[in-house]
Amino acid sequence: MPVALCTMSHSPLMGRNDPAQTVIDDVDAAFENARTFIADFAPDLIVIFAPDHYNGVYYDLMPPFCIGAAAQSVGDYGTESGPLNVDRDAAYALAREVLASGVDVAFSERMHVDHGFAQALQLLVGSITAVPTVPIFINSVAEPLGPVSRVRLLGEAVGRAAANLNKRVLFVGSGGLSHDPPVPQFATAPAEVKEKLIDGRNPTEAERNAREQRVIDAGRDFAAGVATIAPLNPHWDRNLLDVLASGEIEQIDSWTNEWFVEQAGHSSHEVRTWIAAYAAMSAAGKYRVTSTFYREIPEWIAGFGISTAVAVDE
Ligand SMILES: O=C(O)CCc1cccc(O)c1O
Ligand SMILES: [Fe+2]
């Protein structure tokens, strides 16, 4: 059965702190292209790799990776809330095979997910329930992180397992590219913030609004050139897109986590979702990138990319 890929940046600042209309038009056109690509492929199943931003997964138990057999969207930043349309049998089949291949993935019968999953599903297929899905969480913010090589191995194992499902599978990666939004870090957070990072589920509306407003303000300051967060790095982003398109993704194994942060900001670890999705594609053989969009969008605190790829028949 064929496989295909769509990877995309997300940003909850879309529609909240917008750039010039020409930029929005370009992004809209790129998403329209991605939606057409996906509709033409007509997936039976979406396997989506996405991060979390301390809205669904916390330091009370922080796995590097987690496959959801059932999942709830928390509805942060106005994204759709409620249950995802998870294909439980597919989730179990993927988890069994990934574990059997030696990658210790966590498993959840009630995974909580945030805009990392929901915004991507809404933009690509219209809603969090439109297409049967297996959500796979990849920790991309909560230190300590394992080496990026493990993400490639996870992706490859998921790709091999997906090939046995006898379904048309679309791999989605949601996150990145270079960006450094003000996500708190445990090591440097004050005590009350630390507590929220450990056990912050179900914040009050006031807490949620305050959090979201902080990020919106940061986007405004960043676009105005007065924010203290790390700059975007279009050169680094374009190189990553080239490496992923080349098919020689093992070269990413030598990139240290410190280097990601130095070059592309703390949240650049979200490109782990792209690396996993491309690695999953590679398990089916050679692939070809069929479209690439890239633009720096400081208003959204994002090196903003979208790519699509198909398997090449050999
Ligand atoms: O609310 C947060 O913690 C971060 C929100 C956020 C902002 C810009 C780009 C992103 O990828 C992102 O997730
Ligand atoms: Fe993010």
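Everything discussed here concerns the structure shown above.
How each quantity is defined
Residues numbered from 1 in each chain as written. Chains lettered and ligands numbered in written order. Predicted model: local features only at pLDDT ≥ 70, side-chain atom pairs only at ≥ 80, totals over all residues. Heavy atoms only, no water. Axes fitted to C-alpha atoms, helices over the stretch in contact; angles between N-to-C directions. Helix = DSSP H or I, 4+ residues; strand = E, 2+ residues; numbered from the N terminus. Parallel < 35°, antiparallel > 145°, perpendicular 65-115°, else oblique. Left-handed = near helix turned anticlockwise from the far one by under 90°. Contact = heavy atoms within 4.5 Å. Nonpolar A, V, L, I, M, F, W, Y, C, P; charged D, E, K, R; others polar. Near = heavy atom within 4 Å. Polar contact = N/O pair within 3.5 Å; in protein donor to acceptor, adjacent residues only side chain to side chain. Areas by Shrake-Rupley, 256 points an atom, 1.4 Å probe, with all protein chains shown as cover. Core = buried A, V, L, I, M, F, W, Y, C linked by side-chain atoms within 4.5 Å. Buried < 20%, exposed > 50% of the residue type's maximum accessible area, 1.4 Å probe, protein only. Donors = N, O, S within 2.8 Å, 3.2 Å for Na, K, Ca; no water. Tetrahedral: all angles 85-135°; square planar, octahedral: opposite > 155°, others 65-115°.

The N-to-C vectors of helix H2 (residues 88-100) and helix H4 (residues 148-163) enclose an angle of 125°; their axes lie 9 Å apart at closest approach. In this view, H2 runs oblique relative to H4, as classed from their interaxial angle. In the crossing of H2 with H4, the sense of the turn from one axis to the other is right-handed. Between H2 and H4, the residues in contact are Leu94, Glu97 and Val98 and Leu154, Ala157, Val158, Arg160, Ala161 and Ala162, respectively. Class assignment for the residues of the contact of H2 with H4 results in seven nonpolar, no polar and two charged.

Neighbouring ligand 1 are 14 residues; His53, Tyr77, His115, His179 and Arg211 lie closest to it. Within the side chain of histidine 10, an N or O atom sits 3.0 Å from an oxygen atom of ligand 1. Within the side chain of arginine 211, one N or O atom sits 2.7 Å away from an oxygen atom of ligand 1. For ligand 1, whose free accessible area comes to 340 Å², the fraction covered by protein is 99%.

Among the nonpolar cores identified, the biggest contains 51 residues, and Val47, Phe49, Val134, Leu154, Phe171 and Ile252 are the most heavily contacted of them. Tallying contributions element by element places helix H9 (residues 272-282) first for this core, with eight residues. In this structure, Met14, Ala34, Val172 and Phe293 belong to the second largest nonpolar core, which totals 48 residues.

Donor atoms from the polypeptide that coordinate the iron ion (ligand 2) comprise His10 (NE2), His53 (NE2), Glu270 (OE) and Glu270 (OE), at 2.1 to 2.7 Å from the metal. Angles of 52 to 154° at the metal separate the six donor atoms of the iron ion (ligand 2), which places the site in the irregular class. Sequence positions of the residues that donate to the iron ion (ligand 2) give the spacing H-x42-H-x216-E. Placement of the pair is histidine 10 in the loop between strand E1 (3-8) and helix H1 (21-41) and glutamate 270 in the loop between helix H8 (257-264) and H9, with a sequence separation of 260 residues.

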